Structures are given as structure tokens and as C-alpha cells.
Amino acid sequence: MKCRSCASALGEPVLDLGFAPPSNAYLSAARLSEPEVHLPLRARFCTACTLLQLEEQADPRSLFTPDYAYRSGTSRSWLAHVEAFARSAIERLRLDPRSRVVEIGCNDGHLLEIFAARGIPTLGIEPAVEAARTARAAGLDVIDAFFSARLAAGIANRRGRADLVVANNVFAHVPDINGFAEGLAAVTKPQGVVTLEFPHVLSLLRHAQFDTIYHEHFSYLSLRSARHVLEGAGLEIFDVEQLTTHGGSLRIHAQHHGAGRPLAPGVHQLVRTETEAGLAERATYTQLQRRAETIKDDLLRFLLDARRRGARVCAYGAAAKGNTLLNFAGVHPDLLPVVYDAAPSKQGQYLPGSHIPIEPASSLDAGDWDYVLILPWNLADEVIAQLTAPATAGTTFVVAVPELTLLRAPDSRTRYEAQRNN
């Protein structure tokens, strides 16, 4: 296998999570008896450009299908995040009705709506037809397509280039990452700005976030590896922000070479931090396998112990990361009978691989659960604040990553093993 960024030969996998179905391939009841595709889930590290990446096993069109179930509008904290970003971008770049904003992977359009409400012309690009339809129903201009250098050139020629190009949690989702970067350059004005958000591989390694690895995520980026990709397309990173979203993300700001914005001190500082953390060394990544197996074993021990004691356990959040965790651990409805979720696009369906049914989040209040396993652990505090009835009834919340932890409240956390031994 060759590196998708620099074409260097890649060595043996640094992480092997076995075989799993695509994490967003939710199943209807009618499809439960049909054969289900399982693909190898293995990550390799490029010692030349330091990009951690999946083996390419699937065509993106088979992953980001027309009915792709993810919707950005189901998380209150994410909506607050994009609103704060939009306000900052408008002020920082002095955007007005003469400006133009393009968002790649606009999903249901919540970010673009904020710009549009200020009279700023926008364009969204979204390959998932149902998500694009939702954005279009809100009055937004959306193209149903996968973003590429060719599409970008067509947009630039027919509609003009953008002052701001945004791609939140999209950069890691493309197999042709070099072509994607070339497209960013093509659709951005000479003095325009590109902002990209993606989970930081440093957080993945520090906190054993192996469950963020799934087939839709082709690349796991550091500032250094992202800079290598963008520079190949004539773009330079001039600023970087470290975010708390998705368990630790980066927001990078890039411009065409020679655009003139000064390099922020934080760029060099973060590169040094990444180097000191060993992100350029293969041995740093191989440690993730042992930690993933420990998390898997602890989760199984907890679920088996709960069943032995007659305790009732359900899950909250039919998140892609949860599917990686459950399929790696081999969890099925006998140990986890139901998962609740707030997204109507997922309700009434079943998790891929594990075939655990998904029910509306509103139904959770009516249940009698001893434990709620929060699969999107990055939203644990938000989830607990929303699920007031179970919390009042004495339900204990649980997260499995980076270690099996019991939560009575956001500020009350106890390691499971420590409590059990008492």
C-alpha cells in the first residue's frame, strides 16, 4: 500500500480492529436478514509524511450514501460551536453581502444558515442527498456532489471563487486528499481563506480514542501532516486553533502562498508539541493496539457483570464511534438491548454489525435502566444534562473511552473497577 498523501510505501498496520461494517450503514428491519458487508479496519502510518491512514477498502459512494444518517443539528453543543465560528469569521474576514462563503460537506446546512441570515451569499456542497435536501428546504443553495478539483474548477468558472471556504470534519473523510486540497485552492480567491476542522491525532493517541477510527475516516491528521498535504496544493497554514470538539480537534486557517497574512506563533508551537509527543515516530502509534484491547476487555467485563447481577444497561447515541467500539468488542443485543438517539434519521433502524435497535431519545425517560452507556463520550456532559429524568431516578451514566468510568453527574466520575472492588 502507498501513502495517499506522499505515495511512499507503508509498513505493517499499527492498529488492527478486525472486520467491521461501515459505521454509518444503519439497517432497516427488512435488511436484518440480508448479508452485511464487513471490511478490514486497519490503520497504517507513513514514516515519510507522518500521516496515519486507513487501508483503502471502500468506495466513498458506498459509505456516504444518499440516505447517510448523520445530521449536525442534533447536538446543541455543535450548533453553538458553529455559531461562534461563523460570528468570528464574519468579524475576522470582514464578510458582507459582497463576499461569498462555500462550505464543503454542509450536511443539513446549519452553518450556512448563519451566514445567509447576514445577507452573505453561500454555496453548500453535500453528497448525501437527504441531508442536502434538508439544507435546500431551508432556502440554501446546495450542490449534490462529492467535492473534487474538477468540481471546484467548475464552480470557480461558473459561480466565482469564495472569500471563505469551510470544511468541518470533511478533510479526514476523503481518500483523494491531494485532489481535495487542489480543489480547495481552486475555489478560493487569491486573498481568500480556507478553514478546516478535523480531529487531532494527538488527542486520539493521548486518550486512546481508537473508536474514532472507522471506514468513513480515511486519514487521521496532525498539523504537520495536514500542512504537507496543503502545501502540495499551493496553500499555507497561517494560523491554528486547538478545539475541544470531538474529543480534541484542530481548526487550521490556510491561504494561497504569497497572500500575505503573517504566520501565527501558535503554528510553530504546535509543531514542536507534536514532535515532542512522538507524532513523527511509528512506535508512538503501535501503542494504541494494546490500549484499544484494554478498553474492549473492560467494557465486556462491565456488561457481563451487569447481566450477572441482573442490572439493566442501555446505550445512548447511535454514533459512528460507538459502532466501532461495539463491533470491536463483539457486543450484541443480549448485552445491550437498545440504543436511544435524538436523530429521526436513525430511529427505527438498527446499528450495523451489532444489530442493536435504535429508539427515539424521548423514550429513554420511560425506561427503568440502572446504567446508560453514552457512546458519544465527547458529548457526555451534554447528554447527562438533557436526560434529567434518568439522572433524577438514580441511573448511572457510563463512558468506555479512554477508560470505563461511571458518572453520576458531569463533575462526579469514578473508575468502574475501583467502585466494583469496594
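Reading the values: rules and limits
Residues numbered from 1 in each chain as written. Predicted model: local features only at pLDDT ≥ 70, side-chain atom pairs only at ≥ 80, totals over all residues. Heavy atoms only, no water. Helix = DSSP H or I, 4+ residues; strand = E, 2+ residues; numbered from the N terminus. Pairing = 2+ DSSP bridges. Contact = heavy atoms within 4.5 Å. Axes fitted to C-alpha atoms, helices over the stretch in contact; angles between N-to-C directions. pLDDT = per-residue confidence, 0-100. Buried < 20%, exposed > 50% of the residue type's maximum accessible area, 1.4 Å probe, protein only. Expected span 1.5 Å × (residues − 1).

### Overview of the environment of Arg133
Then comes step 1: Assignment of secondary structure puts Arg133 in helix α4 (residues 129–137).
Then comes step 2: Along the primary structure Arg133 and Leu123 are separated by 10 residues, whereas in three dimensions their C-alpha atoms are 14 Å apart.

### Structural notes on the sheet that holds strand β1 (residues 15–20)
Then comes step 1: The four strands lie next to each other as β1-β2-β3-β9, forming an open sheet whose pairing is antiparallel. Taken across any chain shown, the strands that pair with only one partner, and hence form the sheet edges, are β1 and β9 (219–220).
Then comes step 2: Sheet topology note: the strand β3 (residues 52–54)/β9 ladder contains two bridges and is antiparallel. In the sheet register, Leu52 faces β9, and the bridge partner there is Tyr220.
Then comes step 3: Those strands touched by helix α10 (residues 282–309) are β1, β2 (39–45) and β3, and its axis lies near 50° from that of β1.

### Description of the confidence of the model for the protein
Then comes step 1: For the protein, per-residue confidence averages 93 on the pLDDT scale, and 93% of positions sit at 70 or higher.
Then comes step 2: The low-confidence segment residues 418–422 (pLDDT under 50) makes four contacts with residues lying over four places distant or belonging to another chain.

### Description of the pairing of strand β16 (residues 396–399)
Then comes step 1: Here β16 shows a buried face lined by Thr396 and Val398 and a second buried face lined by Phe397 and Val399.
Then comes step 2: Where strand β15 (residues 371–374) lies against β16, three bridges are found, and the strand directions are parallel. Directly across from Val372, in β16, lies its bridge partner Phe397.

### Some details on helix α9 (residues 265–276)
Then comes step 1: End to end, α9 covers 17 Å across 12 residues, agreeing with the expected 16 Å (1.5 Å per residue, within 8%).
Then comes step 2: If you follow the buried residues of α9, they end up packed against α8 (223–231), β10 (235–243) and β11 (249–256).
Then comes step 3: Positioned one or two residues after α9, Gly278 has a phi angle of 85°, which is positive.

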